[in-house]
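# Architecture at a glance
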Amino acid sequence: MAIPLEVRGLVARYGDKTVLENLDLVVQRREILCVLGGSGCGKSTLLKHAIGLLIPAAGTVRLLGVALDEAGEEERRLVLVRSGVLFQGGALLNSLTVAENVGLPLEQHTDLPPVVARDMVQMKLELVGLGEAANLYPPELSGGMRKRAALARAISLDPEILFCDEPSAGLDPLTAAGIDRLIRDLRDALSMTVVVVTHEMASVAAIADRVVMLDDGRILFDGTVAEMRDSSVEAVRDYLARRAPDAAAADTGLLAALGAAGVEEAE
Amino acid sequence: MASDAAGSNIVLDWREEPGAAEELVVSGRLDRHSAREVHRTLVERLRRGAAAGIAVDLSGVKRIDASGVALFADVLRRARSRGVSLRLSSLSAAAREAFEVFRWDPAQQPPERIGEPYLVQRGESVLGGLAAARDLLVLCADTFVWAVTAPFQKRPYRKGAALEQSVLLGSNAAGIVALISFIVGLTMALLSATQLRTFGANIYVADMLALAMTRELAPLLTAILVAGRSGSAVAAEVATMKVTEEVDALKTLGLEPVRFLVVPKFYAITLTQPLLTVISALFGIAGGLVIGTLMLNLSPEAFVQQAARALVLKDLLSGLLKSVVFGWIILVVGAFNGFRVTGGAEGVGRVTTSAVVQAIFGVIVADAIFSLIFWYG
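From a predicted model like this one, the values you see are computed outputs, not experimental measurements. (Residues numbered from 1 in each chain as written. Chains lettered and ligands numbered in written order. Predicted model: local features only at pLDDT ≥ 70, side-chain atom pairs only at ≥ 80, totals over all residues.)

## A word on the domain arrangement of chain B
If you check the domain split of chain B, you get domain 1 (10-101) and domain 2 (138-376). Computed over C-alpha atoms, the centres of domain 1 of chain B and domain 2 of chain B are 71 Å apart. (Domains from an automatic or database assignment.)

Below, the structure written as structure tokens:
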């Protein structure tokens, strides 16, 4: 069985700016990998390379055993059909109802009888708690509902590997916990491999088998959540404890420039 | 490894014992490649009648996905409607897990969208139209009031905005307005020359072009071009800001959106629309001059003199007055459609289109009204 995702020596650049520097990453089957890191550290860029939306400046990406840069058009399409992606903003098609959004890949890529496809869509929607919203249009949904509908679409073909970009960002804790549990359940039931890009520590603790932390385009940490707590790298422990780097010291800034020393409290 | 290129990988076997339920033994992979086959087999057996009931043995299923579970929903509905009992006699661990994750009662149906009755729809569209008309009036009033009072406010909003907008709405359109007017001038001169030549009245090409361009064609051509170019841009800009909550942000910052967004454009279009119209008229007449000189044996001096003689001040002024009004129509219609946007990015495209269509319609209607007024006045 092929390794679901194998990234070797990946270099990503936007213009002159190098976003990912010689990155190696292997994700095993049935593994839930969380990719952590501050904003702008290259998390989403990594995700976009993994699904072939961006072309690496150097290095290779093998998704479900297929090298994306060598594969032909048809081979890439087939491998993408076997993977699911939950985009950060949902990326639902606004002109279709929720059920039509979820049913679209089924209609295009399978020859299931229409009634079974319809049942399957409804089942997926019940799974994400949107059974009642099947005939609504995406603009009529709240942000959290839109995200859940997008998750239902991402799993509509029971993908072998599921990529999630910030699945629980902007959701209330209960809905976020529901999505976390769903991701675990799906992994268990369908032997799915899951790559989650996030910065919600709560959801990382709930779902991650393994955590990779990116910083400045490199892997800063690779291990379990428990290992994160004992990491020798200070930035990792800071991230976990939500400690902001020390604010600018008091002897700089306007107060210092204006001579704070001479000011005395008025009686 | 399942691949969409691979066929189904499943074995189906009927086991029948007299008196007992017929049993379908499914083994292998029950996924979206084989679900169709299993579904068909079960539906056919139901159709033939299975009085003793049907049992399905999934103990040999190694892999199962959502379609493998979902197919039983439809089969169950059909079995129930025929009064046949359907049950799963045995499940593999994988199958049990899948059925536990994908819980769903097939009797449940999502609520349908129910459309309003016809009369209610009509009534609502009339009310919607009235509300839109009111909003349009309010926007016009706001724009004019702010435009007049803004210079006297203590704190003018962003000083360079009107100038910046003049470049965007006006200067940048000059090239295309000049080119199109020149081409229309050429065409008009050629068309009329064929007629006038038979009377030996070539020189009147100059009169005709000068009058037609200044009174009618220059304001109209310019307005149509600006509606397509700048009216759409205004609508798209305002609509995008509305969709991304920037308009709401302005309100919370204590800034009046109409004053902040529309008034600078109002100044800009009031200034640039007459200028563009002048450019249009000049280039249109120049187009006629080229044809007159090259093909109608007129001297350039004679053409210019004749054109100048034909024009009276009233024609020039009425053309300019029209152009200003057309500019206002384009702007207000653009902004109105922008503020009216609903939905997301899709809505932006929709209001942009309707802004252009409505602006051109408004300009042509206004032009007709002006023609009537100038006829009597």
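## With respect to helix α1 (residues 43-50) of chain A
Two residues of an α-helix separated by three or four positions point the same way, owing to the 3.6 residues in each turn. Residues and elements named next belong to chain A. α1 sits mainly inside the fold: six of its eight residues count as buried. Burial in α1 covers these residues: K43, T45, L46, L47, H49 and A50. Of the residues one or two after α1, G52 is the one with positive phi, at around 75 degrees. (Buried ≥ 20, exposed ≤ 12 C-beta atoms within 10 Å, placed from the backbone. Helix = DSSP H or I, 4+ residues; strand = E, 2+ residues; numbered from the N terminus.)

## Here we look at the pairing of strand β4 (residues 86-91) of chain B
Where a strand is regular, its side chains alternate between the two sheet faces. All names here are of chain B. In the sheet, strand β3 (residues 54-64) pairs with β4 via five bridges, with the strands oriented parallel. For A55, the partnering residue across the bridge sits in β4 and is R87. Handedness of the crossover joining β3 and β4 through helix α2 (residues 66-81) is recorded here as right-handed. (Pairing = 2+ DSSP bridges. Right-handed = clockwise from strand over helix to strand, strands pointing away.)

## Side note on the nonpolar core
The nonpolar side chains of a soluble globular protein tend to be buried, and buried together. If you look at the biggest cluster of nonpolar residues, it comprises 105 residues, and the most contacted ones within it are V35, A50, L125 and F163 of chain A. Ranked by residues supplied to this core, first place goes to α2 of chain B with eight residues. In this structure, V35 of chain A is in contact with K43, L46, V195, V196, V197, V212 and L214 of chain A, ignoring residues within four places of it in sequence. The next biggest cluster of nonpolar side chains, apart from the first, holds 61 residues, and it includes A193, V205, I269 and V348 of chain B. (Core = buried A, V, L, I, M, F, W, Y, C linked by C-beta atoms within 7 Å. Contact = placed C-beta atoms within 7 Å.)

## Notes on unusual backbone geometry
All names here are of chain A. Located in the positive-phi region is L64, a residue other than glycine, with phi close to 50 degrees. Relative to the elements of secondary structure, L64 occurs in the loop between β4 (58-63) and β5 (66-67). Even without a glycine there, the phi angle at E166 is positive, about 50 degrees. As for its position among the elements, E166 is in the loop between β7 (161-165) and α6 (173-190). Residue classification places E166 among the buried positions, given that 21 C-beta atoms sit within 10 Å.

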